[in-house]
Amino acid sequence: MTTTIVPQLQATQQAAAQVRRLSSEQKTALLNRLADLLLQNQVSIMAENQKDMERMPDGDPKKDRLFLNEKRIQGLADSLRDVAQLPDPSGEVLLEREIEQGLKLKKIAVPLGVVGAIFESRPNVTVDVAALCLRSGNACVLKGGKEADFSNRYLVSLIHQALAEYHIDTNAVMLLPTDRQFVNELLTATRYVDIIIPRGSESLIQFVRKNSLIPTIETGAGVCHGYVESTADLLKARDIVVNGRVSRPSVCNSMDCVIVDRAIATSFLPLLKDDFIKWNVEVFADEESYPIFEQMEYPFLQHAQSQDFGREFLDYKMAVKIVTGLEEALSHIQNYSSRHSEAIVSSDQTIINRFLNEVDAAAVYANASTRFTDGGVFGLGAEIGISTQKLHARGPFALEKLVTEKWVVVGYGQVRW
């Protein structure tokens with residue numbers, strides 16, 4: 001029985017040096033080979049995933065995140081090939097000049113080293129993190145949740161197969177035991193791990209933030225709003241709000257709250273009825289919007305409580321808030337946003353510009369769904385998650401952010417007194 005993960009962390013740190021030595025061409029070949037292995041082993045991947053699916057209750061909103069089918073495995077393989085073709089960020093010369101006494105100075109991008117990722121029920125994260133780390137010259141330590149353990153272990157076995165074929169130490173991608181007792185050990189392993197990235201629920205992120213001695217980048221939690229302003233094209237607004245809520249409710253860029261201008265509330269909210277009923281969307285309506293839904297005999301209606309605003313539902317549920325104009329909408333978003341993705345639907349360019357300039361979020365949208373916040377969609381390849389903080393990385397945390405800087409100074413005997 002494992003009592004400590006220090007030996008695994010040491011092994012990954014040692015393997016990181018080997019990954020740093022890989023050429024860009026070797027990394028590309030490695031990721032393309034892993035994509036082939038995913039497609040060649042689809043049946044086995046789905047069989048292991050099914051074991052995880054059978055252990056999770058049907059009503060759990062995380063079940064959709066856990067599920068792997070042929071389409072999603074193909075998507076993972078495509079993502080690997082996309083990452084393989086992206087420019088290698090490590091080794092890029094960021095600055096070059098000659099300074100005092102003829103010293104030649106360069107600032108270059110270098111890998112972070114060992115990246116630790118803690119995540120819950122999404123086995124695709126296992127592949128995404130490993131691919132992004134290897135492409136950028138990093139090793140990684142993965143701490144997945146027990147919900148996806150069968151899936152994660154099989155996926156890592158394929159990653160190890162690809163690494164071994166290219167004579168790379170398989171410890172470069174380390175899957176830790178699922179036991180929670182090892183989380184604190186990981187979060188305090190400052191000698192072996194260079195950065196920690198939690199991806200999952202707000203409670204997971206807050207736990208890591210409070211307990212990690214290692215620099216942390218927060219990703220995952222998304223409380224996203226859509227503001228339907230008084231000049232909005234209401235049919236477009238309907239499509240954006242419905243898409244934001246129902247297209248994939250368990251992901252972090254889904255829309256949790258629609259904010260509606262009072263001037264159009266009685267015209268707009270009834271437009272949601274048919275689509276919301278089709279998807280069994282439970283509405284948590286504020287005091288003013290509740291009678292509108294009640295009058296249209298909406299079947300899945302609840303009085304919103306204070307805790308329903310600022311809540312990431314991860315399910316077919318949505319809060320509704322009526323406001324008087326932009327100022328009140330901005331205030332509501334300021335109070336309840338997780339700073340992930342926020343959208344406005346409007347025909348007034350002045351109001352749109354104010355919204356885009358003043359809302360404090362990693363991604364802001366005008367007349368489009370928040371569902372587009374995604375590293376692949378943004379042309380960044382796969383992503384480790386969406387960072388909602390401001391230092392080092394914000395928005396899709398992808399390949400370009402998995403490096404730091406190193407200053408290289410070359411002289412011919414100069415000294416400084």
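Above this text you will find the structure in question.
Residues numbered from 1 in each chain as written. Predicted model: local features only at pLDDT ≥ 70, side-chain atom pairs only at ≥ 80, totals over all residues. Heavy atoms only, no water.

## Some points on helix α7 (residues 149-165)
Moving on, step 1. Between its first and last C-alpha atoms α7 spans 24 Å; for 17 residues at 1.5 Å apiece the expected length is 24 Å, and the two agree.
Moving on, step 2. All of the buried residues along α7 are Asp-149, Ser-151, Asn-152, Leu-155, Val-156, Leu-158, Ile-159, Ala-162 and Leu-163.
Moving on, step 3. On the buried face of α7, the contacting elements are α2 (24-40), α3 (42-55), β3 (114-119), α6 (123-135), β4 (139-143) and β5 (173-175).
Moving on, step 4. Once α7 ends, the next one or two residues include His-167, with phi positive near 60 degrees. (Helix = DSSP H or I, 4+ residues; strand = E, 2+ residues; numbered from the N terminus. Expected span 1.5 Å × (residues − 1). Buried < 20%, exposed > 50% of the residue type's maximum accessible area, 1.4 Å probe, protein only. Contact = heavy atoms within 4.5 Å.)

## Re the pairing of strand β7 (residues 224-228)
Moving on, step 1. Counting buried positions along β7 yields five of five residues, so the element is predominantly enclosed.
Moving on, step 2. Relative to strand β8 (residues 255-261), β7 runs parallel, the two sharing five bridges. Its bridge partner being in β8, Gly-226 is matched across the sheet by Val-258.
Moving on, step 3. With helix α10 (residues 234-246) bridging β7 and the parallel β8, this β-α-β connection has right-handed handedness.
Moving on, step 4. Summarising the sheet, β7 and strand β12 (residues 341-345) pair through four bridges and their orientation is parallel. Paired with Gly-226 across the two strands is Ala-343, which belongs to β12. (Pairing = 2+ DSSP bridges. Right-handed = clockwise from strand over helix to strand, strands pointing away.)

## Focus: the pattern of salt bridges
Moving on, step 1. Throughout the structure, instances matching the rule amount to 18 salt bridges.
Moving on, step 2. A salt bridge links Arg-262 to Glu-288, with the shortest nitrogen-to-oxygen separation between them at 2.6 Å. On the criterion of sequence distance, the pair formed by Arg-262 in the loop between β8 and α11 (265-268) and Glu-288 in the loop between β9 (282-285) and α13 (290-295) is long-range, its members being 26 residues apart.
Moving on, step 3. Judged by relative accessible area, Glu-288 falls into the partly exposed class, the value being 34%.
Moving on, step 4. One salt bridge connects Arg-311 with Asp-308, and the closest N-O pair in it is separated by 2.8 Å. (Salt bridge = Lys/Arg side-chain N within 4 Å of Asp/Glu carboxyl O.)

## Overview of the environment of Asn-367
Moving on, step 1. Note on placement: Asn-367 falls in the loop between β13 (363-366) and β14 (385-387).
Moving on, step 2. Take Asn-367: its relative accessible area is 39%, and that puts it in the partly exposed class.
Moving on, step 3. Considering only alpha carbons, one finds Asn-367 and Thr-12, 355 residues apart in sequence, at a separation of 45 Å.
Moving on, step 4. Looking at Asn-367, its side chain comes within polar contact range of the main-chain nitrogen of Ser-346, at 2.9 Å. (Polar contact = N/O pair within 3.5 Å; in protein donor to acceptor, adjacent residues only side chain to side chain.)

## Here we look at the side chain of Ser-337
Moving on, step 1. As for its position among the elements, Ser-337 is in the loop between α14 (325-336) and β12.
Moving on, step 2. Within the structure, the side chain of Ser-337 is placed 2.8 Å from the backbone nitrogen of Arg-339, a separation counted as a polar contact.
Moving on, step 3. A polar side-chain atom of Ser-337 sits 2.5 Å from a polar atom in the side chain of Glu-342.
Moving on, step 4. Apart from the residues lying within four places of it in its own chain, the contact partners of Ser-337 are Val-223, His-225 and Glu-342.

## Details of the layout of surface pockets
Moving on, step 1. Its boundaries defined by the atoms lining it, the largest pocket holds a volume of some 710 Å³.
Moving on, step 2. Together, 30 residues line the largest pocket, and Arg-122, Asn-124, Asp-128, Arg-248 and Asp-374 are the ones closest to its centre.
Moving on, step 3. Secondary structure elements with two or more residues in the lining of the largest pocket: α5 (70-85) and α6.
Moving on, step 4. Top element by residues in the lining of the largest pocket is α5. It accounts for seven residues. (1 Å grid on protein atoms, 1.4 Å probe; cavity = no way out; pocket = protein on both sides within 12 Å on 5 of 7 lines; lining within 4 Å. Points joined across faces, edges and corners; volume = space filled by probe spheres on them.)

## So, the state of the cysteines
Moving on, step 1. Taken as a whole and judged by the stated rule, the model has zero disulfides.
Moving on, step 2. This cysteine, Cys-224, is not joined by any disulfide, and Cys-252 carries the nearest cysteine sulfur, 7.0 Å off.
Moving on, step 3. With no disulfide of its own, Cys-257 lies 11 Å from the sulfur of Cys-224, the closest cysteine sulfur.
Moving on, step 4. Classification of Cys-257 as buried rests on a relative accessible area of 4%. (Disulfide = S-S within 2.5 Å.)

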